[in-house]
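Inside the fold
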Amino acid sequence: MANGTGILPSQDIKSMIKSGMIVPRKIPDDNIQPASLDLRVAEGEVIRLPGIFMPGMRDVYAFAKEQSEQASLYSIKNGDSEYVLELGVPYLVPVEEKLKLSGSISARANNKSSSGRINLQVRLTCNNHPEYDSVPCGYKGPLYMIVVAKSFPVRIKPGQTLNQLRFSRGTIENCRLAPYQIELEHEKNGLIYDLKSKKIPWKKVKSMSSSIVLTVNLKCNPVAYMANSSNQSCLNYADRNVDPLNFFEPIARSKDGKILLRKGGFYILATNEAFSVGSHLCSEMVAYSTGMGEFRSHFAGFFDPGWGSNPKYGTCGSPAVLEIIPHEDIILKHGDSVCAMELYHMTENPPAIYGDVANNYHLQTGPRLGKQFKFTGLITKKIRSRR
C-alpha cells in the first residue's frame with residue numbers, strides 16, 4: 001500500500017480486504033472500482049422507520065429498532081429475501097461489508113449512478129459518528145444505509161450494490177486540489193472540453209473556490225427526463241430492460257433554450273461541457289451550492305480516475321449527468337451554472353481506469369437514465385408527437 005496523502009486506488013482496497021481491514025474477504029472483483037468499493041445489501045433485518053433520524057454518538061441498529069417499536073412499526077423481510085421499499089418511507093438497511101480501519105484511513109460514501117438516477121436516496125451511517133456518508137479514521141464496526149425511494153417504489157435484495165465507499169489517507173481537505181493546482185492540471189492534461197472535444201481555454205472556464213463549475217445543456221433532445229411520481233408501479237432494481245416511459249417523462253428541447261423545474265420534482269439533465277479526469281486524480285460533484293441556486297445537483301457524485309480520458313475510446317471528456325431536485329420552482333436556461341466539481345489526488349494510479357472495467361456510463365452523451373432502462377425509439381417518437 002502506497003504512503004502519502006490522497007484517495008486510495010483499487011490495489012490498496014484489495015490489500016485492505018486481504019489484511020482484514022475490510023470484511024468479508026470474499027468480495028466480487030466487479031465491486032472494486034478504480035477509486036472506490038461498491039457496498040452490498042446484507043442478509044438480515046430491514047427496519048421500516050417512522051422518519052429519518054440524525055446521525056449521532058450511539059449504536060445505529062439499537063436506536064433504529066427503538067424508534068420503530070415506539071411508533072408501532074415493524075421490521076420487514078420477505079420470504080424470498082427481497083425488500084420492497086415503499087414510496088417515501090425510510091428504511092435502515094444493513095451493509096454486508098464491515099470495517100477495521102487503521103488510524104490514518106477514513107472514508108466517504110455516495111450513491112452509485114444506478115441508484116441515484118432512479119431517485120433512490122441512500123445515506124451511509126455508522127456507530128458513534130455524527131455525520132452521514134462519512135466514516136472516521138480508525139473506525140471498527142458495521143455499516144448501515146438509510147434508504148428512501150423518492151419517486152416510485154423499488155424492490156431490492158441482498159447482494160445488490162446501492163452506494164460506494166471511497167477511502168482516503170489524510171484529511172479530505174489535504175487530498176483536494178487547490179485552485180492553482182486545478183489550473184495547472186487543466187493547462188497540462190486538460191479537464192474541460194466542449195462537446196466537440198475541443199479544450200476550453202482556462203480563462204473561459206468557470207471556477208468557484210476549489211472547484212470547477214459546469215453548465216447545463218438544454219440544446220440536446222430530449223433535454224431532460226422527469227420522474228413520473230404518479231406512477232406507483234414498483235421498479236425492480238435488478239431489471240435491465242424496463243420501458244423508461246413507465247417511470248420517466250422525456251422533456252423536449254424548447255425553442256427559447258429554457259426549462260422550468262418544478263419544486264420537489266426529480267430531473268435528469270446533462271452538462272454542456274465534457275469533463276476529463278486523469279488516471280492520477282478522481283473527482284466529486286458538490287451536492288449543494290446555494291451560490292448557484294436552491295437545488296440539489298446530484299445523488300451520485302463520484303467520478304473515478306480515467307473518467308472521460310480513457311485513450312481506448314478516443315474521446316476528450318464526457319458530459320456529467322445531473323440528478324436535480326429543486327427546492328423551489330426554477331427556470332434554467334442553456335449555459336446556466338448547475339454544478340461544481342472538486343478534484344482529489346490519488347496516492348497512486350490504479351491499474352485499471354474508468355472504462356477499462358465494466359461500466360454502463362463511460363460513453364454517455366446528454367441526459368442518461370439508469371442501467372435498469374432500455375433505450376428504444378419510443379422516447380424519440382413521444383417527443384415528436386408532442387411538438
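What counts, and at which threshold
Residues numbered from 1 in each chain as written. Predicted model: local features only at pLDDT ≥ 70, side-chain atom pairs only at ≥ 80, totals over all residues. Heavy atoms only, no water. Buried < 20%, exposed > 50% of the residue type's maximum accessible area, 1.4 Å probe, protein only. Helix = DSSP H or I, 4+ residues; strand = E, 2+ residues; numbered from the N terminus. Arc of directions from axis to C-beta. Contact = heavy atoms within 4.5 Å. Pairing = 2+ DSSP bridges. Salt bridge = Lys/Arg side-chain N within 4 Å of Asp/Glu carboxyl O.

1. Remarks on helix α1 (residues 10-19)
- Looking only at α1, the buried set comprises Ser 10, Asp 12, Ile 13, Met 16 and Ile 17. Seen end-on, α1 carries its buried residues on one side only, within an arc spanning 160°.
- Residues of α1 that are buried make contact with β2 (22-23), β3 (32-33), β4 (36-40), β10 (105-111) and β16 (161-169).
- Trailing α1 by a residue or two, Gly 20 shows a phi angle of about 90°, which is positive.

2. A word on the sheet that holds strand β7 (residues 83-85)
- Reading across from one edge, β7-β15-β21 is the order of the three strands in this open sheet, with mixed pairing throughout. Each edge of the open sheet is held by one strand with a lone partner, namely β7 and β21 (235-236).
- Relative to strand β15 (residues 154-156), β7 runs antiparallel, the two being bridged by three bridges. Within the sheet, the bridge partner assigned to Val 84 lies in β15 and is Arg 155.

3. Structural notes on the pattern of salt bridges
- The full count for this structure, using the stated rule, is twelve salt bridges.
- Here Glu 323 makes a salt bridge to Arg 117, at a shortest N to O gap of 3.9 Å. With a gap of 206 residues between them, Glu 323 in strand β28 (residues 318-326) and Arg 117 in the loop between α3 (113-116) and β11 (120-126) connect regions that are remote in the sequence. Arg 117 carries the same exposure label as Glu 323, and that label is buried.

4. Focus on helix α5 (residues 179-189)
- Listed in full, the buried residues belonging to α5 are Ile 182, Glu 185 and His 186. Mapping the buried residues of α5 onto a view down its axis gives an arc of 95°, with all of them on the same face. Exposed and facing more than 90 degrees away from the buried side of α5 are Tyr 180, Leu 184 and Lys 188.
- Buried residues along α5 sit in contact with β17 (192-193), β19 (211-215), β25 (281-285) and β30 (337-345).
- Downstream of α5 by one or two residues, Gly 190 has phi in the positive range, about 85°.

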